[in-house]
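Okay, here's what each chain looks like letter by letter:
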Amino acid sequence: MKGRRVVVKLFFLTSFVFIVLFLLMSVGQLLFFEDFYKHREFKALRANTTAFAEEYESKKDDAERIGVVSHFMNQNEAQIAVLDRNGNYLFDNPFKIDITLANGQVIAIPLYMYPHSEDLLHAGLKVGDTISVTGLFQYEGNEELFYSTQITKNHGAAISRKAEHSLTSMQKLTGKISYIVLPRVDQWNIREGVLNFAITGNFPLTNAELRTLESGHTITKEWVEFWSNAENLILLHPIMQNDTLLSIVLVVSSVAELEATYASLKIYYLYFGFIGIILIVFLSIFYSRIVAKPLLSINDMAIRLERMDFTATKPLQRKDEFGVLSRNLNSLALKLGAALLKLRAMNSQLQSDIELKEEVERIQQAFISDISHELKTPLSIIRSYAEGLRDRVAEERRELYTETIIDECERMETLILNMLMLVRYDSAMNFFQPDEFHLLEIMERICRLMEARLSETHLRLTLQMKRDYMVYADPSLVERVMLNLSSNAIRYASPGSIITIRVEELTIGTIRISVQNQGTPIPEEHLNLIWDRFYQVTEGRNRNINGSGLGLAIVKQIVEEHGQTYGVSNTVNGVCFWFTLERV
């Protein structure tokens, strides 16, 4: 839902910004474009008219002035005339024909009414040609003009235009051409007749307008044609000479085309607005998806980091800031994951070290407690016997006391060595080093070591081993197990009996080694307890049996360290201890 809200917010924000900008642009154009256009036209006309006035004054020849006027008209699509302060023509539209009638009267025929100037050019009209013109006389401005609808050269082909009146109501004049200036195609402008009506509608000037012009300032205003209601821009520019108003440049520019364009523009913006809003909606959706999708992916990565999930994720395959951020987050996740694994390993090692330390402390406490308990009795015996020897009590038993003290010292020495061995195994400091070796060598060595003790107790030892076996174990520890089991069997064997060591194959990969003696069996309730430290079957601990109660505990520890099994069982005439080894 969070991701969706991000997308929705981006969508509405983008749509709102685009629509507001679009509406501002559209409303601005619809409300202010017309005024902006008029202002721009006035500004351009004012600058171009000023340049025209300067260039016009610099030209003294009429032909050059015609070029200047035609260039201005084509450049600005406007009509221009140079007038005096009363509105009389000083230099008007140069494109016309003057004919001299038979009575000597000169008639001016303007040519702007003819829409096809190329027909006049192709007719080859020149000064001296006799032509006939059909039309009407009209006064415009301060001069009388003859508006013709048809021109015929020397009774040749007629050059005609559409007539506003019937031919029967028109006059026909014949005369010779005394003046002719024909426009080129690019100099033609059918609105030249508007100029005369503009002069009539704006002259005479008011006193305020004259003062403005005399001060060298330009007058701009709007003028509406009375017959068509077409709107025009009027510009009056003074031509000064020695701070005196010499003449006035009048420029007429139509804004009717603007109004038509403006009306079409309104309809255009209605269609454009509808399509634009739809386009904005799609662009907003596209934009919000582009921005939101990588943000959601990066947010997912951040959530995983927050949950301590540092598994590597595939970064965004982009080259922008989103791609860089996702790659940095991915790199951070990998580094944090590696650091966390290392920290966990260190914590685990630290926990192990703490547990090992606690175990060592426990073993030390147990060792001190056990050895204190076990050494208390022999030390008491040694002290009492030593005091008896010192006080010369029972001199006849001096040798017995001495032997007893020696036996108890040996007993304490064995006890201490066994306890140190157990502590060594408990503290995981035994440096267990298994290897492959021949089991027969160990068995023969045990038999040799036991010979002295066997002769003292009048016991015999037999080894039953059909063949030599290769086993995988620590040789020194296996020898310690055999010594402890053999010593235990000798200690509790009946005098003159036989101790049997038997080696046999239990399974394909396991060897079973047993040590059996002939003597008093162990009560069933004690069979599972004899492997505990300092445990002895006889509660009173027969001091004549030199045992510490640690030998079997050592056997148990070594066999378990090898991952093997051990056990004890009563036989018909004795006890059998056994353990297993891994066969190679």
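Residues numbered from 1 in each chain as written. Predicted model: local features only at pLDDT ≥ 70, side-chain atom pairs only at ≥ 80, totals over all residues. Heavy atoms only, no water.

> How should I be thinking about the overall build of the protein in this particular structure?
Counting secondary structure elements, the protein contains 11 helices and 18 strands. Counting every position in the protein, which comprises 584 residues, the buried fraction comes to 41%. On the protein, roughly 34,000 Å² of surface is accessible, and the fraction owed to carbon and sulfur atoms is 57%. (Helix = DSSP H or I, 4+ residues; strand = E, 2+ residues; numbered from the N terminus. Buried < 20%, exposed > 50% of the residue type's maximum accessible area, 1.4 Å probe, protein only. Areas by Shrake-Rupley, 256 points an atom, 1.4 Å probe, with all protein chains shown as cover.)

> So what exactly am I meant to see when it comes to the pattern of salt bridges here?
One side chain can pair with another of opposite charge once the charged atoms of both are near each other. Applying the stated rule across the entire model yields seven salt bridges. The residue lysine 126 makes a salt bridge to aspartate 129 at a minimum N-O spacing of 3.4 Å. The class of lysine 126 is partly exposed, set by a relative accessible area of 48%. When the shortest N-O distance is used, the salt bridge between lysine 153 and aspartate 129 registers 3.7 Å. Here lysine 153 is found in strand 6 (residues 143-153), whereas its partner aspartate 129 is found in the loop between helix 3 (117-123) and strand 5 (130-140), with 24 residues between them in sequence. Overall, the relative accessible area of 24% leaves lysine 153 in the partly exposed class. Three or more residues are tied together by salt bridges with common partners; here these are Lys126, Asp129 and Lys153. (Salt bridge = Lys/Arg side-chain N within 4 Å of Asp/Glu carboxyl O.)

> Explain the pairing of strand 10 (residues 231-241) to me, please; I cannot follow it from the model alone.
Working note: regular strand, side chains alternate between the two faces of the sheet. Strand 10 sits mainly inside the fold: nine of its 11 residues count as buried. Here strand 9 (residues 219-224) runs beside strand 10; their pairing, made up of six bridges, is antiparallel. Bridge pairing links glutamate 222 to leucine 233 in strand 10. Where strand 10 and strand 11 (residues 244-254) come together, 10 bridges link them in antiparallel fashion. When the sheet's bridge partners are listed, leucine 235 is paired in strand 11 with valine 251. Between the end of strand 10 and the start of strand 11, which pair antiparallel, lie two residues, with asparagine 242 showing a positive phi angle near 55 degrees. (Pairing = 2+ DSSP bridges.)

> Is there a simple way to think about the sheet that holds strand 1 (residues 79-83) in this case?
As a general point, the strands of a sheet are linked pairwise by backbone hydrogen bonds and lie either parallel or antiparallel. Reading across from one edge, 2-1-11-10-9 is the order of the five strands in this open sheet, with antiparallel pairing throughout. Whereas interior strands pair on both sides, the edge strands pair on one side only; in this sheet they are strand 2 (89-91) and strand 9. Strand after strand, the sheet turns through a mean of 35 degrees between neighbouring axes, direction not considered. Here strand 1 runs beside strand 11; their pairing, made up of five bridges, is antiparallel. When the bridges of strand 11 are listed, isoleucine 80 appears paired with valine 251. (Axes fitted to C-alpha atoms, helices over the stretch in contact; angles between N-to-C directions.)

> When you look at unusual backbone geometry in this model, what are you seeing that I'm missing?
Both trends apply: most residues other than glycine have a negative phi, and most peptide bonds are in trans. Following phenylalanine 203, the chain continues into proline 204 via a peptide bond in cis, with omega recorded as 0 degrees. Structurally, proline 204 can be placed in the loop between helix 4 (194-202) and helix 5 (207-214).

> Mind showing me how you'd approach the packing of helix 10 (residues 475-491) against helix 11 (residues 551-561) here?
Axes are the key here: two packed helices are described by the angle between their axes and the distance separating the axes. Where helix 10 contacts helix 11, the axes come no closer than 9 Å and their chain directions differ by 150 degrees. It follows that helix 10 is roughly antiparallel to helix 11 by the angle criterion. Crossing geometry of helix 10 relative to helix 11 is assigned as left-handed. Each of Leu477, Arg480, Val481, Asn484, Leu485 and Asn488 in helix 10 lies in contact with helix 11, whose residues at this interface are Gly551, Leu552, Ile554, Val555 and Ile558. Each residue belonging to the contact of helix 10 with helix 11 can be placed in one class, and the counts come to seven nonpolar, three polar and one charged. (Parallel < 35°, antiparallel > 145°, perpendicular 65-115°, else oblique. Left-handed = near helix turned anticlockwise from the far one by under 90°. Contact = heavy atoms within 4.5 Å. Nonpolar A, V, L, I, M, F, W, Y, C, P; charged D, E, K, R; others polar.)

> Mind showing me how you'd approach helix 5 here?
Since the α-helix packs 3.6 residues into each turn, any two residues three or four apart lie on the same face. Among all positions of helix 5, only Glu209, Leu210 and Leu213 are buried. The arc that holds the buried residues of helix 5, viewed along the axis, is 100 degrees, so those residues lie on one side. For helix 5, exposure combined with an orientation more than 90 degrees from the buried face picks out Asn207 and Arg211. Turning to helix 5, the residues buried within the fold contact strand 9, strand 10 and strand 11. One or two steps after helix 5, the chain reaches glycine 216, where phi turns positive at roughly 90 degrees. (Arc of directions from axis to C-beta.)

> I'm lost on helix 10 in this one. Help?
If you check helix 10, its first and last C-alpha atoms are 24 Å apart, about what 17 residues at 1.5 Å a residue would give, namely 24 Å. Burial runs high along helix 10: 13 of the 17 residues are buried. (Expected span 1.5 Å × (residues − 1).)

> Just checking my understanding: could you explain a nonpolar patch on the surface for this structure?
Where nonpolar side chains cluster on the molecular surface, the patch consists of Leu13, Phe16, Val17, Phe18, Val20, Leu21, Leu24, Leu279 and Leu283 and spans about 840 Å² of accessible area. At the level of elements, helix 1 (2-58) and helix 6 (256-306) are the ones that each hand at least two residues to the nonpolar patch. With respect to the element layout, leucine 21 can be found in helix 1. (Patch = residues over 30% accessible without salt bridge, like charges linked within 9 Å, V, L, I, M, F, W, Y side chains within 5 Å.)

> Explanation requested: the packing of aromatic side chains in the structure shown.
In this description, a pair of aromatic rings is defined by centroid distance and the angle of the planes. Following the criterion strictly, the structure yields two aromatic pairs and no others. Centroid distance tryptophan 531 to tyrosine 566: 4.7 Å. Interplanar angle 65 degrees. Geometry classified as edge-to-face. Of the two residues, tryptophan 531 sits in the loop between strand 16 (510-516) and helix 11 while tyrosine 566 sits in strand 17 (residues 566-570), which places them 35 residues apart along the sequence. The class of tryptophan 531 is buried, set by a relative accessible area of 8%. For tyrosine 566, a relative accessible area of 23% gives the class partly exposed. An angle of 80 degrees between the planes, with centres 5.8 Å apart, marks the rings of tryptophan 531 and phenylalanine 577 as edge-to-face. Remark: phenylalanine 577 occurs in strand 18 (residues 575-583) and tryptophan 531 occurs in the loop between strand 16 and helix 11; sequence separation between them is 46 residues. (Phe/Tyr/Trp six-rings, centres within 6.5 Å; stacked < 30°, edge-to-face > 60°.)

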